[in-house]
Amino acid sequence: MSKHQYTPDRKSAFKRCIDYFSIKTLKTLSHKSIGIIPLPVYLILVACLATMVWNHQLMGNNICTMIALLAVCGYTCSTIGQSIPFFRRIGGSVIIVTFVPAYLVAHQLLPADFVDPIHAFWENNHPIYLFIVAVIVGSVLSMDRQILIKGFIKIFVPLLMGSIVAAITGTLVGLAVGFDLFHIIFFIVVPIMAGGLGEGAIPLSIGYAKILGQPQGDLLAQILPAIIFANLFVIVTAAALNLLGRHYPRFSGDGQLLRVDKEKGGAVKAEGPHEDVRPLLTDVAATGMIAISFYLIGVLTHQLFGWPAPIAMLLIAVLVKLLNLVSPAMHEGAIGLYHFFVKVTIYPLLFAAGMTIIPWEKLAAAFNLPFIVTVFSTVISLMATGFLVGRKVGLFPIEAAIVTGCHSGMGGSGDIAILSAAHRLSLMPFAQISTRIGGVIVVIIALLAIGCLS
């Protein structure tokens, strides 16, 4: 026998060594994850999804497949954003998850068998509404009643003052950089504060088309860039405000909007759901059904009276809380519902939104210095006013500025991106007030004004 030939004992030892390192490697990999997905599971999902795309078998009507696809893509993008130094501190994860898919779709860098199922899933199911329902109802039902009342009343002050200051600032800056007054007001300033895409851009374009006698599509193309760039600026500013709050805690409520004076014997109560509560799964499921019932009432209200469904749902949730109809089980279920959707579904939803509702080509066409300066000055003046006025009326300045900034977001998906970048999704009910009610008022005033001028 050659001295280099393996004996049975040597073979057994070699096999044990391979087994040991294989098990150790698997254990190491199992403790790593991409987002919430364990790394071995992530690799399996990537292999399965890639094979489906290659074989043209990726189906948008299969809920399990779409959950896997959006989770893999969303968490991959968020992980990339979190790994970039400094960029991650200014909302890098949210920016990459939202805008990189839009870029890839616009430049046809993704196969149609990958893009089309996501478009179909988004258009047919509108998953963003489920997220908003869960976060609004979860945060409202878990709030302190007195803070809820005072917060809703006081937030209108910085919102109103911020809108006025932003309109004046944006108009003056737009005139200074050479824009026409009519274009500044109705195609930059008004769209920024109109409430997003569905509730703002589309009603504005329809109204403008009827009044001005121009094609709606052309007008919509002029309106969209201001909304999208404004949303991007608010995301970055909200993330910067979050950093400011870490260095200067006196300006930040860590997700709590309303100040409570300790010197007068008040206790500072967290508005957002608590981390240490472990509700029963049945309570979470029951609260989820309650949230859906609130939303269906909102949908019915919209069908009968034309009111925005999210606002009607929000008012119902607030009324239930004010009437003290929230049981302890419902309270804990609301906390669990809130945390599940905030921690699990945010990045997959933002990825799908970026692929389906952000027109990258319109962003690129509008990218010029005068336009950017006008939009940026409008957004910054809006949030700066919210910061200063919020402090005067007893709100935490950073929270007041972020909620006021949601007035210039892209609707529900914009609110999610902004609050995620600031790590303050507990402010969603107030953000919806800012976006929906503030947007409706701006749209009505703009259409009345342009009708009179025409």
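Residues numbered from 1 in each chain as written. Predicted model: local features only at pLDDT ≥ 70, side-chain atom pairs only at ≥ 80, totals over all residues. Heavy atoms only, no water.

A count of helical and extended segments in the chain gives 19 helices and 2 strands. A buried classification covers 50% of the 454 residues belonging to the chain. Taking as baseline every contact in the chain between residues at least 6 positions apart, the subset at least 24 positions apart corresponds to 77%. Carbon and sulfur atoms form 68% of the exposed surface of the chain, whose accessible area is close to 21,600 Å². (Helix = DSSP H or I, 4+ residues; strand = E, 2+ residues; numbered from the N terminus. Buried < 20%, exposed > 50% of the residue type's maximum accessible area, 1.4 Å probe, protein only. Contact = heavy atoms within 4.5 Å. Areas by Shrake-Rupley, 256 points an atom, 1.4 Å probe, with all protein chains shown as cover.)

On the surface, Arg-250, Arg-259, Arg-391 and Lys-392 cluster together into a patch of positive charge. Tracing the backbone shows Arg-250 in the loop between helix 10 (216-247) and helix 11 (281-305). (Patch = residues over 30% accessible without salt bridge, like charges linked within 9 Å, V, L, I, M, F, W, Y side chains within 5 Å. Salt bridge = Lys/Arg side-chain N within 4 Å of Asp/Glu carboxyl O. Lys, Arg positive; Asp, Glu negative; His and termini not counted. Charge placed at Lys NZ, Arg CZ, Asp CG, Glu CD.)

Next up on the list: the pattern of salt bridges. For the coordinates displayed, the defined rule picks out 1 salt bridge. Between Arg-424 and Glu-399 there is a salt bridge, with its nearest N and O atoms 2.5 Å apart. Here the residue Arg-424 occupies a position in the loop between helix 18 (412-421) and helix 19 (428-453), and Glu-399 occupies one in helix 17 (residues 397-405), the gap between them amounting to 25 residues.

A cluster of nonpolar side chains, namely Val-157, Leu-160, Met-161, Ile-164, Ile-168, Leu-172, Leu-175 and Leu-181, defines an oily patch on the protein surface of about 710 Å² accessible area. Among the elements that take part in the nonpolar patch, helix 7 (residues 145-176) stands out by supplying 7 residues, more than any other. Inspection of the secondary structure assignment puts Leu-172 in helix 7. A relative accessible area of 54% means that Leu-172 is categorised as exposed.

Our focus in this paragraph is helix 17. For helix 17, the buried fraction is high: 9 of the 9 residues fall into the buried class. Those residues of helix 17 that sit buried are Pro-397, Ile-398, Glu-399, Ala-400, Ala-401, Ile-402, Val-403, Thr-404 and Gly-405.

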